Amino acid sequence: MGCFFSKRRKAEKESRPENEEEQPKQYSWDQREKVDPKDYMFSGLKDETVGRLPGKVAGQQFLIQDCENCNIYIFDHSATVTIDDCTNCIIFLGPVKGSVFFRNCRDCKCTLACQQFRVRDCRKLEVFLCCATQPIIESSSNIKFGCFQWYYPELAFQFKDAGLSIFNNTWSNIHDFTPVSGELNWSLLPEDAMVQDYVPVPTTEELKAVRVSTEASRSIIPISRGQRQKSSDESCLVVLFAGDYTIANARKLIDEMVGKGFFLVQTKEVSMKAEDAQRVFREKAPDFLPLLNKGPVIALEFNGDGAVEGCQLIVNEIFDGTKMFVSERKETASGDVDSFYNFADIQMGI
């Protein structure tokens, strides 16, 4: 007994004219544009300024290797970026969906955003970082970190394309796999460090087409103090629920609070479950549970004397009618900070 489909194929072959050749089958992957790895690589360069404009990388993997005294700017989102054996380079990387991995690099200054950040066998790196997970260093020394500070018009869309939230940034929460007793292999850059003094805006005609700003007030990433010592025992937590203007409201609140002298400590965008709400909102949890179904929330922590009262006043004056949670207690260093502020164990979402 033969197969029905094999009989049909045989009949089709016999019915084809003798002078007509059988055309090869076309598959969807045959229609894809061919990728040349050389378009996604900078290798063996010295004393050059090079880069890629928005739209030219479009989520591909990128490799930077064996470069010396170069200025390198990737104004697009990537899948992963590996940087090997580079010395005395300035590097900007647009949002990276996966990992950025530095290996055997020396005396480099960088600004970058990624899901994962790793450094191995490196010396003297200065990095303005946005990283969704805990940054890791290994067998490295004199690594300094600051908060990502950069803007150009396409950057917000590139963050979305890379699946990164501008509010999930653990830039200062460093893990050292190879600590040395009595020494610290990493530290934080001075709080008043200006990103343009480390990673200046490109000056070549091609790259000047990207309208870059390094002003703190325009940074796509909210500039947070991270793990720096708090200036006050008083902190305030604000949670904004998903809606049409959540991101705009969060930015407005940050501007207002910082403008009044308070400090932004950390930000998070998280998907909250009922048990998370019980832990964070406590007795007010029933009021906010229905709002969690609309999507991830944005959480902001501010610090400074009078932060709670100051935040309540701003919310009442500017955001009247917008549902927000504002802590109503003055949390101190001896208070129940872990249960009230720690969003680290809540699943991150965008």
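Residues numbered from 1 in each chain as written. Predicted model: local features only at pLDDT ≥ 70, side-chain atom pairs only at ≥ 80, totals over all residues. Heavy atoms only, no water.

The helix and strand inventory of the chain stands at eight helices and 16 strands. Of all 350 residues assigned to the chain, the portion counted as buried reaches 46%. (Helix = DSSP H or I, 4+ residues; strand = E, 2+ residues; numbered from the N terminus. Buried < 20%, exposed > 50% of the residue type's maximum accessible area, 1.4 Å probe, protein only.)

A few words on the packing of aromatic side chains. Throughout the structure, instances matching the rule amount to 16 aromatic pairs. Centre to centre, the rings of Phe-75 and Phe-92 are 5.4 Å apart; their planes meet at 35°, and the pair counts as tilted. Here the residue Phe-75 occupies a position in the loop between β4 (71–74) and β5 (81–84), and Phe-92 occupies one in strand β6 (residues 90–103), the gap between them amounting to 17 residues. As far as burial versus exposure is concerned, Phe-75 and Phe-92 are alike and both buried. With 5.9 Å between their ring centres and 50° between their planes, Phe-241 and Phe-281 make a pair best called tilted. Pair noted here: Phe-241 is in the loop between β13 (235–240) and α4 (246–259) and Phe-281 is in helix α5 (residues 274–281), with a separation of 40 residues, a long-range link. Phe-281 matches Phe-241 in its accessibility class, with the two residues each being buried. Members of the aromatic cluster, each reached through a chain of ring pairs, are Tyr-73, Phe-75, Phe-92, Phe-148, Trp-150, Tyr-152 and Phe-159. For the cation-ring pair, Arg-103 lies above Phe-101, with the distance from its terminal atom to the ring centre recorded as 5.2 Å. (Phe/Tyr/Trp six-rings, centres within 6.5 Å; stacked < 30°, edge-to-face > 60°. Lys NZ or Arg CZ within 6 Å of the ring centre and 35° of its normal.)

Per the counting criterion, the structure on display carries nine salt bridges. Lys-109 is the partner of Glu-126 in a salt bridge, and the nearest nitrogen-oxygen pair spans 3.6 Å. Taken together, the residues span a long stretch of sequence, with Glu-126 in strand β8 (residues 123–131) and Lys-109 in strand β7 (residues 106–120) at a distance of 17 residues. The buried category is assigned to Glu-126, whose relative accessible area is 13%. (Salt bridge = Lys/Arg side-chain N within 4 Å of Asp/Glu carboxyl O.)

The next point concerns the UniProt feature "binding site: GTP" (unreviewed entry) in the chain. UniProt marks Gly-98, Ser-99, Gln-115, Gln-116, Phe-117 and Arg-118 with the feature "binding site: GTP" (unreviewed entry), using the numbering shown here. Across 21 residues, the annotated set stays spatially compact, with a maximum C-alpha separation of 11.1 Å. Within the secondary structure, Gln-116 is located in strand β7. The exposure class assigned to Gln-116 is partly exposed, which follows from its relative accessible area of 42%. Mapped onto the secondary structure, Arg-118 falls in strand β7. Non-local contacts of Arg-118, meaning those with residues more than four positions away in its chain, are made with Val-100, Phe-101, Phe-102, Ile-136 and Glu-138. (UniProt positions renumbered as here; feature names shortened; annotations may be inferred. Contact = heavy atoms within 4.5 Å.)

One non-glycine residue, Ala-58, lies in the positive phi region at around 50°. For Ala-58, the location among the structural elements is in the loop between β2 (49–52) and β3 (62–65). What makes Ala-58 partly exposed here is its relative accessible area of 47%. Of note in this structure, Asp-121 is not a glycine but carries a positive phi near 55°.

Listed as buried for α5 are Asp-276, Ala-277, Val-280 and Phe-281. Buried positions in α5, seen along its axis, are confined to an arc of 100° and lie on one side of it. Remark: Arg-282 follows α5 within two positions and exhibits a positive phi of approximately 55°. (Arc of directions from axis to C-beta.)

Quick look at the pairing of strand β15 (residues 297–303) now. Here is the key point about a regular strand: its side chains alternate between the two faces of the sheet. Counted residue by residue, β15 has seven buried out of seven residues, so it is predominantly covered. A two-sided burial pattern is seen for β15, the buried positions comprising Val-297, Ala-299, Glu-301 and Asn-303 on one face and Ile-298, Leu-300 and Phe-302 on the other. Pairing analysis gives seven bridges linking strand β14 (residues 263–270) to β15, with the strands arranged antiparallel. Bridging from a neighbouring strand, Leu-264 pairs with Phe-302 of β15. (Pairing = 2+ DSSP bridges.)

Turning to the environment of Val-100, a few remarks are in order. With respect to the helices and strands, Val-100 occurs in strand β6. Along the chain, Val-100 and Phe-62 lie 38 residues apart, while their C-alpha atoms are 9.7 Å from each other. Ignoring sequence-local partners within four residues, the contact set of Val-100 consists of Val-81, Ile-83, Leu-93, Leu-112, Cys-114, Gln-116, Phe-117 and Arg-118.

Moving on: the nonpolar core. If you look at the biggest cluster of nonpolar residues, it comprises 85 residues, and the most contacted ones within it are Phe-102 and Phe-117. For this core, the domains that each give at least three residues are domain 1 (37–215) and domain 2 (230–348). By size, the runner-up hydrophobic cluster in this structure holds 15 residues, among which are Val-280, Phe-281, Phe-288 and Ala-299. (Core = buried A, V, L, I, M, F, W, Y, C linked by side-chain atoms within 4.5 Å. Domains from an automatic or database assignment.)

Here the focus is the side chain of Glu-234. When you line up the elements, Glu-234 lands in the loop between α3 (195–198) and β13. Overall, the relative accessible area of 9% leaves Glu-234 in the buried class. Among the polar contacts listed, one links the side chain of Glu-234 to the backbone nitrogen of Ala-307, at a separation of 3.2 Å. (Polar contact = N/O pair within 3.5 Å; in protein donor to acceptor, adjacent residues only side chain to side chain.)

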